[in-house]
Every structure is written in C-alpha cells, then in structure tokens.
Amino acid sequence: IVDTVAPVITLGAIEVIPCNPTQAQIDSAITAPTVTDNCMTGLIASFVDAPESGAPGCNRSIIRTWSVSDSCGNTTTAIQTINFTRDTVAPVMTLVATGNLPCNPTQAQIDAAFTAPAVNDNCSPGLSASYTDSPESGDPGCIRTITRTWSVTDACGNLTTASQTITFNRDTEPPVITITPAAAL
C-alpha cells in the first residue's frame, strides 16, 4: 500500500482563559484536536508553542502549532492562535478635593461634597470607583469627620483603594442664654 495522503487535523475549541494565566490554565482551556487519516486510526497530534507575544500588557497571544505524522511519513500541521489578557497593573485613581459642608449636614449634602475620582486603567476602559463610608466620628463636641474609602478593580482583579476625610460641624445643642439680673440704678 502506498499512502501519500497526509492526516487531517481538526482544531479543538478554546475555552475562556482567565487573566494572567499559567501554562497549565492555558493548556486546560484548549480542547485537543481530532486527527483523521485514510490508512490509520488512533493518531494524536502534538504541539509546540511559540513564545508569548503582544504589546506589553493586556492583549497577549501564543501561536500553537499542532503536528501529526502517519506511519508512512505524511505530516500535517495546523496553527492555532490562543488569545488572553496579561494585566498585573492596578488602575490609577485621581481623587478630587472635597467640597465644604454646612453645619449639621444631611447625608445628601455629605454625598454631594465628595466627587467620584477619575479612574484610568491600562487594560480595562470605563471603570468607575465605588465607596464605603466610615461611621461619623470625632470628639463629643462639634467637630466630626467621615472617611470615604474609594475602590476600583479592573477586569483582571487588580485593586486600587484611596481614602478621603471630610470634616464638618455637628452641633445639635441649642445655645444656653444666661440672664443676669440687672444692676440697680
């Protein structure tokens, strides 16, 4: 029997690859290809990966070359491009100065005094920060503070936090007026 027909490689699916994947995560996301041949069964393709490429950060790729040979030396190769994200840089948050508050501010006034920070990220556009507020604190007197902690996480799980403290007066006690008797004229 003269066999001059090379095997056929049908590439497998590429599942979702997480950010900053290990080689094991990349390998487990790739379904092995199927191989058919006109004279043989049970052929299994092997692969070689080219080095990871792409611009620094974000979108990266690996070119995987699958190959298989039958017993007559007929060889076939198939190329598969594996794309993923490599991002280890946390977002950058730029805080805006807080506004002034009146005495005894409402929660709405406190919220209005804080402006959401600007957020930039090398790989995840359109991010916005969320926040949590500390309980109002301060001496038993009038001067009170609230600390707002902003946080933002990009698509690869890189986290940035920043805090701002706003100070205001909380005075709910009416003034005491002491009347002294008038002096005799």
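For the structure itself, look to the data block above.
Definitions and limits used
Residues numbered from 1 in each chain as written. Predicted model: local features only at pLDDT ≥ 70, side-chain atom pairs only at ≥ 80, totals over all residues. Heavy atoms only, no water. Pairing = 2+ DSSP bridges. Helix = DSSP H or I, 4+ residues; strand = E, 2+ residues; numbered from the N terminus. Axes fitted to C-alpha atoms, helices over the stretch in contact; angles between N-to-C directions. Buried < 20%, exposed > 50% of the residue type's maximum accessible area, 1.4 Å probe, protein only. Polar contact = N/O pair within 3.5 Å; in protein donor to acceptor, adjacent residues only side chain to side chain. Disulfide = S-S within 2.5 Å.

1. Describing the sheet that holds strand β5 (residues 75-86)
Phase 1 of the analysis: As summarised here, the arrangement of the 3 strands in space is β3-β4-β5, forming an open sheet in which the pairing is antiparallel. Of all the strands in the sheet, just β3 (46-49) and β5 have a single pairing partner and so form its edges. In this sheet, neighbouring strand axes are inclined to one another by 25° on average, regardless of whether the strands run parallel or antiparallel.
Phase 2 of the analysis: Strand direction decides the pairing type here: strand β4 (residues 58-69) and β5, joined by 12 bridges, are antiparallel. When the bridges of β5 are listed, N59 appears paired with T85.

2. Structural notes on the environment of W66
Phase 1 of the analysis: Counting through the fold element by element, W66 comes out in strand β4.
Phase 2 of the analysis: Judged by its relative accessible area of 4%, W66 is buried.
Phase 3 of the analysis: Separated by 87 residues in sequence, W66 and T153 have C-alpha atoms that sit 37 Å apart.
Phase 4 of the analysis: Within polar-contact distance, the side chain of W66 engages the side chain of Q80 at 2.9 Å.

3. Details of the state of the cysteines
Phase 1 of the analysis: Summed over all chains, the structure comprises 2 disulfides.
Phase 2 of the analysis: The disulfide bridge from C19 ends at C156, spanning 2.2 Å between sulfur atoms. One disulfide, between C19 and C156, carries an S-S torsion of -75° and so falls in the left-handed class. Of this pair, C19 sits in the loop between β1 (8-10) and α1 (23-29) while C156 sits in the loop between β10 (143-153) and β11 (159-169), and the two are 137 residues apart along the sequence.
Phase 3 of the analysis: Between the sulfur atoms of C58 and its disulfide mate C123 the distance is 1.7 Å. On the sign convention where negative means left-handed, the S-S torsion of about -100° between C58 and C123 marks this disulfide as left-handed. Of the two residues, C58 sits in strand β4 while C123 sits in the loop between β7 (118-120) and β8 (130-133), which places them 65 residues apart along the sequence.
Phase 4 of the analysis: You can call C58 buried: its relative accessible area is 14%.
Phase 5 of the analysis: Once the disulfide-bonded cysteines of the chain are ranked by sequence position, their pairing pattern turns out to be 1-4, 2-3.
Phase 6 of the analysis: Left unpaired, C72 is separated from the closest cysteine sulfur, that of C39, by 6.2 Å.

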